[in-house]
Amino acid sequence: MKLKPDPTVAKTTKRLASRFYQMKTGRCLTGQYLAWTTRRPDAICWWCQYNVQTREHLFKNCPEWKSQQKTLWATVLETTRKLPSPTRTRAHTNIAELLADERCSQAVIQFLATTDVGKTAGPPVAEDNEDAASEASEWEARDQAERAWEREVEAVRLGEE
């Protein structure tokens, strides 16, 4: 049995598709996941200080993304209302179902494109510099440098608009 990728996600940028699939698998940059992997000391939402930052929280409740959430769920409702299968609503759809439903992919991609959800691991966690340097692998150092570069590019882009 050959599985085909979601055509909507396949047409987007590699970075955006990567964030989408990380969200879909649950292996994404959320406080809950990063605390589980021990990359952060706790699971607190770095945008609103809610006690556990989960996919559910980011897609439905985080006040930082309130306007984007409103757009996401209005689009999801409109799209799923027109097509066969269950109608998806904010109150009755968990995030795993939302991400699994190809009818909702465009709305989710748009949500991810207009937010930093799954894009950043939040502000740096204070550590002893000597210990942090000795424990950081080459991969982690490259990953941190790439994120810093992305933030600089985004800052320049926002400054030009």
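Everything quoted here is computed from the prediction, not taken from an experiment.

1. Here's the deal with the nonpolar core
Part 1 of the reasoning: One finds Phe59, Leu72, Leu98, Val108, Leu112 and Val117 to be the most contacted residues of the largest nonpolar core, which totals 24 residues.
Part 2 of the reasoning: Secondary structure elements with two or more residues in this core: α2 (14-25), α4 (55-61), α5 (66-82), α6 (95-100) and α7 (105-113).
Part 3 of the reasoning: With five residues, α7 is the largest single contributor of residues to this core.
Part 4 of the reasoning: In contact with Phe59, other than residues within four places in its own chain, are Met23, Gln69, Leu72, Trp73, Ile95, Leu98, Val108, Phe111, Leu112 and Val117.

2. A word on the packing of aromatic side chains
Part 1 of the reasoning: Summed over all chains, the structure comprises five aromatic pairs.
Part 2 of the reasoning: Geometrically, the ring pair formed by Trp46 and Trp47 is tilted, given 5.6 Å between the ring centres and 55 degrees between the ring planes.
Part 3 of the reasoning: On the basis of relative accessibility, which here comes to 11%, the residue Trp46 falls in the buried class.
Part 4 of the reasoning: Arranged with centres 4.8 Å apart and planes meeting at 35 degrees, the rings of Phe59 and Phe111 form a pair that is tilted. In this pair, Phe59 is assigned in helix α4 and Phe111 in helix α7, connecting sequence segments 52 residues apart. Taken as a pair, Phe59 and Phe111 share a single burial class, namely buried.
Part 5 of the reasoning: An aromatic cluster is defined as three or more aromatic residues linked by ring pairs; in this entry it consists of Trp46, Trp47 and Trp65.

3. Remarks on unusual backbone geometry
Part 1 of the reasoning: Despite not being glycine, Thr38 shows a phi value in the positive range, around 65 degrees.
Part 2 of the reasoning: Its location among the elements puts Thr38 in the loop between α3 (31-36) and α4.

4. Looking at the packing of α2 against α7
Part 1 of the reasoning: For the pair α2 and α7, the least separation of the axes is 10 Å and the interaxial angle reads 110 degrees. Compared by their axis directions, α2 and α7 come out roughly perpendicular. When you trace α2 past α7, the crossing you get is right-handed. For the pair α2 and α7, contact is made by Leu16, Arg19, Phe20 and Met23 and by Ser105, Val108, Ile109, Leu112 and Ala113, respectively.

Quick notes on the rules
- Residues numbered from 1 in each chain as written.
- Predicted model: local features only at pLDDT ≥ 70, side-chain atom pairs only at ≥ 80, totals over all residues.
- Heavy atoms only, no water.
- Core = buried A, V, L, I, M, F, W, Y, C linked by side-chain atoms within 4.5 Å.
- Buried < 20%, exposed > 50% of the residue type's maximum accessible area, 1.4 Å probe, protein only.
- Helix = DSSP H or I, 4+ residues; strand = E, 2+ residues; numbered from the N terminus.
- Contact = heavy atoms within 4.5 Å.
- Phe/Tyr/Trp six-rings, centres within 6.5 Å; stacked < 30°, edge-to-face > 60°.
- Axes fitted to C-alpha atoms, helices over the stretch in contact; angles between N-to-C directions.
- Parallel < 35°, antiparallel > 145°, perpendicular 65-115°, else oblique.
- Left-handed = near helix turned anticlockwise from the far one by under 90°.

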